[in-house]
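Fold and geometry: a report
Next come the chains, spelled out residue by residue.
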Amino acid sequence: MDGFQLHPRLAADTHSLGQAALCEILLMNDAAWPWLILVPRKPGIREAYELEWEQQLQLLRESSALGKELMAAFDGDKLNVAALGNLVPQLHVHHIVRFEDDPAWPGPVWGRQPPTPYEPAALEQRLAQLAPVVAAVQAAG
């Protein structure tokens, strides 16, 4: 996808998990929540409606697969899906598994507490948990 570059803030705040048909799959570097981000590999896109129709459908397929697999893997109480873009204008869609006993429940996770970066062992464990989730998103093409 010529011309695509991941926004520097997303690159600094995440770990890359791979690519699906349309999107980069990223893990937010905050161990407080299972929190993944999809970023369509299309340059200059700020909003989902700017994608071509088939790309919008592909984003929905990948997002739905990600949400379903995250909830199954982590047995969450709720899945928060959001595309805010206030600080990072590049279209990116957050998928955050929420639990009724998590530190921000029932409010949003943003601004609630400073991020808790993954320690190496915890990151390795989380990546292992996410491997089948990522595979399902990649198969959603």
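Refer to the preceding data block for the structure.
Remember, predicted model here, so these are calculated numbers, not experimental data.

Quick notes on the overall build of the protein chain
- Each helix and strand counted, the protein chain has three helices and five strands in total.
- If you list the helices and strands of the protein chain from N to C, you get α-β-β-β-α-β-β-α.
- Expected size for 141 residues packed as a compact globule is a radius of gyration near 14 Å; at 14 Å, the protein chain falls within 12% of this value.
- In terms of overall dimensions, the protein chain has a C-alpha envelope of 40 × 30 × 30 Å along the principal axes.
- Looking at the 141 residues of the protein chain, the share that counts as buried comes to 43%.
- At a minimum sequence separation of 6, the contacts of the protein chain that also span at least 24 residues come to 56%.
- Side chains of the protein chain give 10 positive and 17 negative charges; the mean places of these two sets differ by 3 Å.

Section: the pattern of salt bridges
- By the definition in use, this model includes three salt bridges.
- Two residues, D13 and R9, come together in a salt bridge whose shortest N-O distance is 3.5 Å. Here D13 pairs with R9, and both are found in helix α1 (residues 8–13), just four residues apart, close to one helical turn.
- Given the relative accessible area of 42%, R9 is considered partly exposed.

The rules we used
- Throughout this document, residue positions are counted from 1 along each chain, in the order its sequence is written.
- Two thresholds apply to this predicted model, a pLDDT of at least 70 for residue-level local features and 80 or more for giving and counting side-chain atom pairs, whereas whole-chain, interface and lining totals are computed over all residues.
- Side-chain descriptors were evaluated using all non-hydrogen atoms of the structure, hydrogens and water having been removed beforehand.
- Starting at the N terminus, helices and strands are each numbered in turn, a helix being any DSSP run of H or I of at least four residues and a strand any DSSP run of E of at least two.
- A radius of gyration in this sense is built from C-alpha atoms; the matching globule rule multiplies 2.2 Å by the number of residues raised to 0.38.
- Categorising residues by exposure relies on relative accessible area from a 1.4 Å probe, with only protein chains included: less than 20% of the type maximum marks a residue as buried, more than 50% marks it as exposed, and the intermediate range marks it as partly exposed.
- Contacts: residue pairs with any heavy atoms within 4.5 Å of one another.
- Counted as positive: Lys and Arg. Counted as negative: Asp and Glu, with His and the chain ends omitted from the count.
- Charged side chains are reduced to one point each, which is NZ for Lys, CZ for Arg, CG for Asp and CD for Glu.
- Should a side-chain nitrogen of Lys or Arg be within 4 Å of a carboxyl oxygen of Asp or Glu, the pair is scored as a salt bridge.

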